Amino acid sequence: MTDVLIVGAGPTGLTLGIDLRRSGVDVRLIERLPERVFASKGKGLQPRTLEVFDTLGIIDEVMAASSDYPVIRAYAGDRVVREQRMSELSAPTSEVPYPNLRMLPQWRTEDILAERFAALGGDIERGVALERLAQDESGVTAGLSTGETLRAAWLVGADGGHSTARRAVGIGLVGDTPPLDRIAIADLRASGLDRTWWHAWAKGPGEVASLCPLPGTDAFQMTATLPADGEPELSLAAFQALLDARSGRTDIVLSDMGWASLYRPNIRMAEHFRAGRVLLAGDAVHVHPPAGGQGLNTGVQDAHNLGWKLAAVLAGAPDGLLDTYEEERLPIAAHVLGLSEKLLRKGFAGDPDALERSADERQLTLTYRGSSLCAGQGSGGLRPGDRMPDGVTPDGRRIFELLRDPGFAVLERDGHVFVVRPDGYIGGIFGTRAEAGTYIASIGRHGRPIRG
Ligand SMILES: Cc1cc2nc3c(=O)[nH]c(=O)nc-3n(C[C@H](O)[C@H](O)[C@H](O)COP(=O)(O)OP(=O)(O)OC[C@H]3O[C@@H](n4cnc5c(N)ncnc54)[C@H](O)[C@@H]3O)c2cc1C
């Protein structure tokens, strides 16, 4: 029997695959699409996601391939009316080594994740879809499109907004598809346009177009708002016509269109992230509007929260530990969806603040305070459940470097003993090492809340 079947090789499934493989878990990862899709989609990597990527051993590749977000240059025709950064760039500190949002086309992020998964012995089985599943006390039986019937101890549905796994266990997505404009999006080349800026034109309300240079490529991601109804064409000529009309210019020539899509902003989430031996993560349980760049990032962090817990349960911890996945991640998903919705509505209302980003979107302040896995006291402004800041240990190693080894880290700081969970959050803060040891041992027995 396979330990874990992961359904979907998007950012969520790949992150989970890496996390499980680095703990030596036997994983199968299936992906419905037979070929890679080169889609820029979720191009913003938040600081907290960069920290996860540090732990997973891919930060150097991600930083080398990505760029800071360009300044947005807003025009009326060819006249510049505003230049604005989404948020001011900050210098790295020893506690926050990656303070800024980075831009990377989603296909490139997926490539880097896939390379790491392969280096850890993982294999993406492309052109293989989950069609049905059934579960019993000891495992999940999955029917695949190849005709294979696969038995796994656990199944994780990281299969996106139309998740087959989520439907199979009868969990719906509740929420809203606001009656707002749709957005046409395409990856293409644009001649005669400076790649230093993210160019944006607004002819009037609902008549917006923008071209954002994608790092590591000679392409731009073009977006244009479209009315809520109708069946617009997604051809190169249609994008050119939208650009010409909204910019009032005819000197920018579009070509070489690759991926293109039309989407309607959705704000939806699942009421549960677990049904027995089936766990759900990423877009399968929360579908975000693009505003604020939270979708991909929230999925990566779902996977990182789930990975160490699944590995612990497979190593003998009671499966009650997996209940803390929904307990910790569902409120975060709800909070993050609220943020995206606020930014989306500001954007469509033409609010000048709509492009400004706060600390919340960087996801460094998100916390699991109050979770049943939290124990002990607070120290120096930190409390159990908070993200552990990076820093240098007395033996000269970075804390994030210690977390590359997928176990608990025990650190002495300010006269207290901190237990840092494998996902980088503080599990407990104690007075002695013995108490810290008792706490770590208790996780293996986790079937009921751990307190104090
Ligand atoms: C047009 C568009 C623009 C976006 N823009 C942004 C943005 O600007 N910022 C941002 O943060 N996010 C954006 N997103 C959202 C972001 O792309 C998603 O949040 C992110 O891809 C979620 O990752 P995931 O791995 O959970 O799901 P997905 O990326 O959807 O991956 C799921 C995978 O599962 C596979 N699959 C599905 N069903 C099955 C099955 N039955 N069996 C096997 N495999 C299956 C799919 O083929 C897919 O590869 C955008 C999304 C879209 C569509």
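Bear in mind that the values here come from a model prediction, so they are computed numbers and not experimental data.

Peer 1: Could you give me a rundown of the site of the ligand, with the residues and numbers involved?
Peer 2: Among the 30 residues in the neighbourhood of the ligand, the closest are listed as Thr12, Glu31, Gln106, Leu130 and Asp283. In the model, a nitrogen atom of the ligand is placed 3.0 Å from a nitrogen or oxygen of the Leu130 main chain. For the ligand, the protein covers 86% of the area, taking 1,000 Å² as the surface of the free molecule. Of all the secondary structure elements, the ones that give two or more residues to the shell around the ligand are helix H1 (11-22), strand S2 (27-31), strand S18 (260-263) and helix H7 (295-314). In the shell around the ligand, the residues fall into 13 nonpolar, 12 polar and 5 charged. Of the domains in this structure, domain 1 (2-66 + 104-176 + 266-362) and domain 2 (68-97 + 181-264) are the two that each give at least three residues to the shell around the ligand.

Peer 1: Residues and numbers for the domain arrangement of the protein chain, please.
Peer 2: Here the protein chain is partitioned into domain 1 (2-66 + 104-176 + 266-362), domain 2 (68-97 + 181-264) and domain 3 (375-444). Counting residues at the interface gives 4 residues for domain 2, matched by 7 residues for domain 3. Contact between domain 2 and domain 3 buries roughly 350 Å² in total, counting both sides, with carbon and sulfur atoms accounting for 48%. For the domain 2 face of the interface with domain 3, the top three residues by lost area are Ser94, Glu95 and Pro97, together amounting to 92%. Summed over the shared surface of domain 2 and domain 3, the number is 1 salt bridge. For the salt bridge of Glu95 with Arg413, the shortest nitrogen-to-oxygen distance reads 3.9 Å. Run the count over domain 2 and domain 3 and you get 2 residue pairs in polar contact (both at pLDDT 80 or more). Each residue belonging to the side of domain 2 that touches domain 3 can be placed in one class, and the counts come to 2 nonpolar, 1 polar and 1 charged.

Peer 1: An account of the nonpolar core is requested, with residue identities and associated values reported.
Peer 2: Across soluble globular proteins, you tend to see nonpolar side chains buried next to one another. Membership of the largest hydrophobic core comes to 79 residues, with the highest contact counts inside it found for Leu130, Leu155 and Leu310. If you count residues domain by domain, this core takes at least three from each of domain 1 (2-66 + 104-176 + 266-362) and domain 3 (375-444). Those residues within four positions of Leu130 in sequence are excluded, and the remaining contacts are Val7, Ile30, Ala142, Gly143, Leu144, Leu155, Thr164 and Ala165. Within the second largest apolar cluster, 18 residues are counted, among which are Leu188, Trp201, Ala224 and Leu242.

Peer 1: Break down the pairing of strand S16 (residues 220-226) for me, citing the residues and quoting the values.
Peer 2: Counting buried positions over the 7 residues of S16 gives 6, a clear majority of the element. In terms of strand pairing, strand S13 (residues 182-191) meets S16 through 7 bridges, oriented antiparallel. Looking across to S16, one finds that Ile183 is bridged to Thr225. Looking at chain direction, strand S15 (residues 207-213) and S16 are connected through 5 bridges and run antiparallel. For Ser210, the partnering residue across the bridge sits in S16 and is Thr223.

Peer 1: Let's hear about the environment of Leu14: which residues, and what values?
Peer 2: Looking at the element boundaries, Leu14 is found in helix H1. Relative accessible area serves as the criterion here: at 1%, Leu14 is assigned to the buried category. Sequence separation between Leu14 and Pro422 is 408 residues, and the spatial gap between their C-alpha atoms is 17 Å. Residues within four places of Leu14 in sequence aside, it is in contact with Ala9, Leu29, Glu110, Leu113, Ala114 and Ile124.

Peer 1: Outline the sheet that holds strand S3 (residues 44-45), listing residues and values.
Peer 2: Across the sheet, 3 strands lie side by side as S3-S7-S4; this open sheet has antiparallel pairing. Two strands in the sheet have a free side with no partner beyond their single neighbour: S3 and strand S4 (67-68). The pairing of S3 with strand S7 (residues 102-103) spans 2 bridges and is antiparallel. Within S7, the position partnered with Leu45 by the bridge is Arg102.

Rules used throughout
Residues numbered from 1 in each chain as written. Predicted model: local features only at pLDDT ≥ 70, side-chain atom pairs only at ≥ 80, totals over all residues. Heavy atoms only, no water. Near = heavy atom within 4 Å. Polar contact = N/O pair within 3.5 Å; in protein donor to acceptor, adjacent residues only side chain to side chain. Areas by Shrake-Rupley, 256 points an atom, 1.4 Å probe, with all protein chains shown as cover. Helix = DSSP H or I, 4+ residues; strand = E, 2+ residues; numbered from the N terminus. Nonpolar A, V, L, I, M, F, W, Y, C, P; charged D, E, K, R; others polar. Domains from an automatic or database assignment. Contact = heavy atoms within 4.5 Å. Buried area = accessible area lost by both parts, 1.4 Å probe. Salt bridge = Lys/Arg side-chain N within 4 Å of Asp/Glu carboxyl O. Core = buried A, V, L, I, M, F, W, Y, C linked by side-chain atoms within 4.5 Å. Buried < 20%, exposed > 50% of the residue type's maximum accessible area, 1.4 Å probe, protein only. Pairing = 2+ DSSP bridges.

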